[in-house]
Amino acid sequence: MVRLLKDESLVSQWEKFFEEHCKSDIETVALEYPEKRSLFVDYWDIDKADPKLAELLLSQPFKALFNGEEALKKIDVASENKIQLHFRITNLPDTNKIIIRKIRANHLGKFMAIDGLIKKRTEVRPKLQVGAFQCSKCGAVIRIEQDEDILKEPSECYEDQGGCGRVSSFKLLTNLSQFIDSQKIEVQENPEGLRGGAQPERISVFLEDDLVGEIAPGDRVVVNGVLHSMQRRRGTFRLTSFDKTMDANSIESQELAFEEIDVTPEDEKEILKISKDPRLYEKMTESIAPTIYGLNVEKAALVLQLFGGLAKEMPDGTRIRGDIHTLFVGDPGTAKSQMLYYMSKLAPRSVYASGKASTAAGLTAAAVRDEFGEGQWTLEAGALVLADMGVACIDEIDKMEETDRSAMHQAMEQQEISVAKAGINATLKSRCAILAAANPKLGRFDEFLPMHEQINMPPALISRFDLIFSILDKPNRTTDTDLATHILRAHKAGEITENIARSKKSKHTKKEQESFMKDIIPTIAPDFFRKYVAYAKRNIFPVMTDEALDMLRRYYVDFRASSEDSVTFTPRQLEAFVRLSEASARIRLSQEVTVEDAKRAIHIIDQYLRRVGLDRETGKFDIDIIATGISHSQHDRMRTIMDIIKRLSDEAKDGNALRGDIIRESEIEGLESGKVEEALDRLKRQGQIYEPAHGKYKITEY
Ligand code: ADP
Ligand code: MG
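As a starting point, this report considers the structure included with it.

Structural notes on empty space enclosed by the protein
One water molecule sets the probe size; rolling that probe over the atoms shows where empty space is left. Evaluation of the coordinates by the stated rule reveals one cavity of 30 Å³ or more. By volume, the largest cavity is sized at about 50 Å³. Lining the largest cavity are Arg321, Ser463, Arg464, Phe465, Asp466, Arg572, Gln573, Ala576 and Arg579. Of the residues assigned to the lining of the largest cavity, the class counts are two nonpolar, two polar and five charged.

Here is the structure:
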């Protein structure tokens, strides 16, 4: 096969090209050989120099590349130093870029570029390239090039390799054989390319030698390579159907922000114009899920989340996240899922996933051993990794798996996910904003119960969200009327549209359709909105003005001071303020965070704390409710009661404190009896006290 591929005239054509265009590149690579082993050439450089050669590369890549590498051996520096470089091509023309789902039989054997996300990668394994086999009869060593997956053995002891010419049995000598590093990855279509909730398709790609180990799950890449078919097997039978796979020739990473979103100069003009609109913020808020009635504070927060704050690298090597994490908790049927779904369509690089994991990788990442790895361990990316640099919309986050739960802390704060299992030891990036929704455990949300008792999530995790909104479904004649009107009109708008489009003689007019549609058409069209976000995130890195800084500091200090002994804000909230203010400035495309931005951040956080952070007893904000599940005042009360029980039981002969006595003593300290009973129950539940006999309490000794 190798001999058939070799074409002397083609080799000399390539040699000419390399001599004329790549001489210095080859010399550079040669200097760093064997660390660097590849010559990368832009497709268009070849096309400019020799269009025929470029053409051949696309249509007969095997032949073109093989002879190219042959030619590379002949270039002076290479031949003098016995260097064999790989010939790798980047930047293929658009005609050869293809979406994974569109790959057809006629693409096989062609040089194509696919773009997507790395979903999985196996460990790096050595693969036999040239096998050295020893003849059991004469001891000669016969070399066989391995170009298939199945081991190829000599069929006889070849005389032309100095063997005895007899049919024999052979032993593979690994230390005389040649190996190459190999790795298999799975590339998944970019979510942007998917329409209408389609499941992304995937393709297996084989990497060899210096391409291995460079990429990680979650990376966005363009893989250039030759499409292949691989015969399927059932046991030892070979089937007539084939799987499509690719042999990678080169990988280009798309590290830059939102390269996939194309902002033209006209778009830019439009973006700059809108950014000066006095109703900019309202217009953006209106453009978030307009079919959903109300939830305006939530929508305003989602706009801020879309833009996000600035991630910062500190001189000590730590990184502070800029992404804003938002959580919706609330009654069923309040459009939480609907909002998440809308955002996942709107936000660039977003992923929609359910907490109930559908794959082994779940929300974070996992090392798995499945069919894909053919016995090897595979590292698979979950939603938070796939949403790197975007928004991860996670519905029903309260139902997430135990394994995800522990990785989630790191994923939310450090924005990394570490996997250490079997041979795999990796850290994946999850620099995404999280938009999550949770349903209350008991079906309905109870404003008077602490958050962590209502949703099945540890308080430490809940407190990592910058914003938490409780969405309650309480009957109210006015809002119910408005909501019903909105929903019914939205449905009617849809009905009229269908009616006009499908029935032969519709009595409805375009004008009527427009008047109904008006409310539910986003003011800023989603495609343009996405460009706006990408533009802002790419170009705008606002800096806090002294006034804004002052305002946030004052607000923080005043707030903590005014709430005396209860803990209100923690530095975590202060960071949330910063992120929200930065996002607010970005929306205006302002390079400065002004007082206006600080105010907007304060307003949003204020709204959220009013709903979820309020201590019902004191009427004050209390961040402890979110962080630990009990308010500061509750905590103090429990301490007081514990002290009383301790004193009473020390005094009592049998060492038990009587319920009546505890309540009486507590009332002297100013606690209501109802609250005392509640606290006793809680203390007992927590195991801090126990009840050896009815109405008698004792402190648990550890
Ligand atoms: P959740 O996830 O909160 O349980 P869903 O997102 O599944 O609720 O919403 C249930 C249905 O009710 C959806 O079809 C949604 O469009 C509708 N709905 C709920 N609240 C609103 C609202 N405020 N405006 C418009 N539609 C709503
Ligand atoms: Mg839901």
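On we go.
So, the packing of aromatic side chains
Applying the stated criterion across every chain yields a total of ten aromatic pairs. Ring centres of Phe18 and Phe87 lie 5.1 Å apart, and the angle between their planes is 80 degrees; on these two criteria the pair is classed as edge-to-face. Here Phe18, found in helix α2 (residues 8-32), pairs with Phe87, found in strand β2 (residues 86-90); they are 69 residues apart in sequence, far enough to count as distant. Like Phe87, Phe18 is buried. Considering the side-chain rings of Phe328 and Phe469, the 6.2 Å spacing of their centres and the 55 degrees angle between planes classify their relative orientation as tilted. With Phe328 in strand β14 (residues 326-330) and Phe469 in strand β22 (residues 467-471), the pair connects residues that are 141 residues apart, well separated along the chain. The buried category is assigned to Phe328, whose relative accessible area is 0%. For Phe469, a relative accessible area of 0% corresponds to the buried category. A network of ring pairs unites the aromatic residues Trp14, Phe17, Phe18 and Phe87 as a single cluster. The ring of Phe541 is capped by Arg586, whose NZ or CZ atom sits 5.2 Å from the centre of that ring.

Details of the sheet that holds β22
Pairing is parallel in the open sheet, where five strands are placed in the order β15-β18-β21-β14-β22. The sheet is open, and its two edges are formed by β15 (351-354) and β22, each paired on a single side. Averaged over all pairs of adjacent strands, the angle between strand axes in this sheet comes to 15 degrees, irrespective of strand direction. Two strands pair when backbone bridges link them, and β15 and strand β18 (residues 391-395) are joined in this way by four bridges, in the parallel orientation. Looking at β18, one finds that Tyr352 is bridged to Cys393. Contacts from helix α9 (residues 296-307) reach β14, β21 (433-438) and β22, with the element oriented near 155 degrees to β22.

What about the sheet that holds strand β29 (residues 696-699)?
Spatial ordering of the open sheet is given by β27-β29-β28, a layout of three strands whose pairing is antiparallel. The sheet is open, and its two borders are formed by β27 (657-658) and β28 (689-693), each paired with just one other strand. Where β27 and β29 come together, two bridges link them in antiparallel fashion. Residue Ala657 lies in a different strand from β29, and its bridge partner there is Tyr697. Docked against the sheet, helix α24 (residues 673-685) engages β28 and β29, running at close to 95 degrees with respect to β28.

Rules behind the numbers
Residues numbered from 1 in each chain as written. Chains lettered and ligands numbered in written order. Predicted model: local features only at pLDDT ≥ 70, side-chain atom pairs only at ≥ 80, totals over all residues. Heavy atoms only, no water. 1 Å grid on protein atoms, 1.4 Å probe; cavity = no way out; pocket = protein on both sides within 12 Å on 5 of 7 lines; lining within 4 Å. Points joined across faces, edges and corners; volume = space filled by probe spheres on them. Nonpolar A, V, L, I, M, F, W, Y, C, P; charged D, E, K, R; others polar. Phe/Tyr/Trp six-rings, centres within 6.5 Å; stacked < 30°, edge-to-face > 60°. Helix = DSSP H or I, 4+ residues; strand = E, 2+ residues; numbered from the N terminus. Buried < 20%, exposed > 50% of the residue type's maximum accessible area, 1.4 Å probe, protein only. Lys NZ or Arg CZ within 6 Å of the ring centre and 35° of its normal. Pairing = 2+ DSSP bridges. Axes fitted to C-alpha atoms, helices over the stretch in contact; angles between N-to-C directions. Contact = heavy atoms within 4.5 Å.

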